[in-house]
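Each chain, written out:
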Amino acid sequence: QYVAQYGTPNVASAGAPAAIPTYAADELYYYVTYADPAVFANMSIDANGVLSYDIVGKPADPNSLINVVFVVK
């Protein structure tokens, strides 16, 4: 999903390349900078970027989210 969305964005600013550079799974570090604690618990990410978690509650509103950040190694 990451490569599909970043590799072919819907719109770009004037002068920007047509695609955002993407990286292989082993070229990135993965972080969760925020997850709604009323919804998600027991979070972990493996070296390949596979995120695991438990759902512990129903979202109170549509803004319950997980913020995932990719950092190039």
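Before reading on, note that the structure itself is shown above.
These numbers were taken from a predicted model, which means no experiment stands behind them. (Residues numbered from 1 in each chain as written. Predicted model: local features only at pLDDT ≥ 70, side-chain atom pairs only at ≥ 80, totals over all residues. Heavy atoms only, no water.)

**Q** Honestly, the overall build of the chain in this entry has me stumped. Any pointers?
**A** Broken down by element type, the chain carries one helix and four strands. Written out in order from the N terminus, the α and β elements of the chain read α-β-β-β-β. Compactness check: the chain gives a C-alpha radius of gyration of 15 Å against a globular reference of 11 Å for 73 residues, more than 25% above the reference. The dimensions of the chain, computed from C-alpha atoms along their principal axes, are 45 × 30 × 15 Å. Burial statistics for the chain: of 73 residues in total, 11% are counted as buried. If you take every contact in the chain between residues at least 6 apart in sequence, the share linking residues at least 24 apart comes to 40%. Entry remark: accessible area of the chain is about 5500 Å², with carbon and sulfur atoms responsible for 56%. (Helix = DSSP H or I, 4+ residues; strand = E, 2+ residues; numbered from the N terminus. Rg over C-alpha atoms; globule rule 2.2 N^0.38 Å. Buried < 20%, exposed > 50% of the residue type's maximum accessible area, 1.4 Å probe, protein only. Contact = heavy atoms within 4.5 Å. Areas by Shrake-Rupley, 256 points an atom, 1.4 Å probe, with all protein chains shown as cover.)

**Q** Even after reading the chapter, I still don't get the packing of aromatic side chains, so can you show me in this structure?
**A** For any pair of aromatic rings, geometry is given as the distance between the ring centres together with the angle between the planes. In total, this model carries four aromatic pairs according to the counting rule given. On the numbers, 5.0 Å between centres and 85° between planes, the contact of Tyr2 with Phe70 is edge-to-face. Of this pair, Tyr2 sits in helix 1 (residues 2–7) while Phe70 sits in strand 4 (residues 66–72), and the two are 68 residues apart along the sequence. When the ring of Tyr30 is compared with that of Phe70, the centres are 5.5 Å apart and the planes differ by 80°; the resulting orientation is edge-to-face. Residue Tyr30 is found in strand 1 (residues 28–35), and its partner Phe70 is found in strand 4; the two are separated by 40 residues along the sequence. A residue is classified by how much of its surface remains accessible, and Phe70, at 37% relative accessible area, is partly exposed. (Phe/Tyr/Trp six-rings, centres within 6.5 Å; stacked < 30°, edge-to-face > 60°.)

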